[in-house]
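# Remarks on the overall topology
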Amino acid sequence: MRPSREELRRAFQAGFQSIDAGDTFYAGFDTFLTSIGYRKRDEAACTCRDDGAHGHLPECRWMKT
C-alpha cells in the first residue's frame, strides 16, 4: 500500500519544514513517512507515474509495512 495524497502532502510539508530548520528536505520527508509506518523498499517496483523515465519522485517505492 502506497501513501495517500494526504499523507504525501504532510510528508512534503515536513520536508519543507526541515529545510527551514537547516536540514535537508529528505530528512523531514523520510522521517515523517517512517513515523506513520512506511518504509522505502528498494526491491519494490518503481511507483512513479512515468515509471521513472524522468527521475524518481520522493514518494517512489514507499510502501506500508
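Now for a description of the structure that goes with this document.

The rules behind the values
Residues numbered from 1 in each chain as written. Predicted model: local features only at pLDDT ≥ 70, side-chain atom pairs only at ≥ 80, totals over all residues. Heavy atoms only, no water. Helix = DSSP H or I, 4+ residues; strand = E, 2+ residues; numbered from the N terminus. Rg over C-alpha atoms; globule rule 2.2 N^0.38 Å. Buried < 20%, exposed > 50% of the residue type's maximum accessible area, 1.4 Å probe, protein only. Contact = heavy atoms within 4.5 Å. Areas by Shrake-Rupley, 256 points an atom, 1.4 Å probe, with all protein chains shown as cover. Core = buried A, V, L, I, M, F, W, Y, C linked by side-chain atoms within 4.5 Å. Phe/Tyr/Trp six-rings, centres within 6.5 Å; stacked < 30°, edge-to-face > 60°. Salt bridge = Lys/Arg side-chain N within 4 Å of Asp/Glu carboxyl O. Disulfide = S-S within 2.5 Å.

## Points about the overall build of the protein chain
- Broken down by element type, the protein chain carries 2 helices and 2 strands.
- Since a compact globule built from 65 residues should have a radius of gyration of about 11 Å, the 12 Å found for the protein chain is in line with a globular shape.
- Seen along its three principal axes, the alpha-carbon backbone of the protein chain occupies a region of about 30 × 25 × 20 Å.
- The buried share of the protein chain, reckoned over its 65 residues, is 32%.
- Contacts in the protein chain between residues far apart in sequence, at least 24 positions, make up 45% of those at least 6 positions apart.
- Per element, the accessible surface of the protein chain, about 4,500 Å² overall, is 51% carbon and sulfur.

## Remarks on the nonpolar core
- Core analysis: the largest hydrophobic core is formed by 9 residues, namely Leu8, Ala11, Ala14, Phe25, Phe29, Phe32, Leu33, Tyr38 and Trp62.
- Elements represented by at least two residues in this core include exactly α1 (5-20) and α2 (25-35).
- Counting residues per element, this core draws most heavily on α2, at 4 residues.
- In contact with Leu8, other than residues within four places in its own chain, are Pro3, Phe29 and Glu59.

## A word on the packing of aromatic side chains
- Per the counting criterion, the structure on display carries 7 aromatic pairs.
- Through a chain of ring-to-ring contacts, three or more aromatic side chains come together here, namely Phe12, Phe16, Phe25, Tyr26 and Phe29.

## Here's the deal with the pattern of salt bridges
- Applying the stated rule across the entire model yields 1 salt bridge.
- Here Glu6 and Arg9 are joined by a salt bridge, their closest N and O atoms 2.7 Å apart. Of this pair, Glu6 and Arg9 both sit in helix α1, separated by 3 residues, roughly a single helical turn.
- The partly exposed category is assigned to Arg9, whose relative accessible area is 45%.

## As for the state of the cysteines
- Tallied over the entire structure, the rule returns 0 disulfides.
- Not engaged in a disulfide, the cysteine Cys48 finds its nearest cysteine sulfur in Cys60; these two sulfurs lie 3.7 Å apart.

## Quick notes on the environment of Gly37
- Looking at the element boundaries, Gly37 is found in the loop between α2 and β1 (38-40).
- Gly37 sits in the partly exposed class, given a relative accessible area of 21%.
- Placed 34 residues apart in sequence, Gly37 and Pro3 show a C-alpha to C-alpha distance of 9.7 Å.
- Setting aside anything within four residues of it in sequence, one finds Gly37 in contact with Met63, Lys64 and Thr65.

Note that all results are geometric; they support no functional claim without further evidence.
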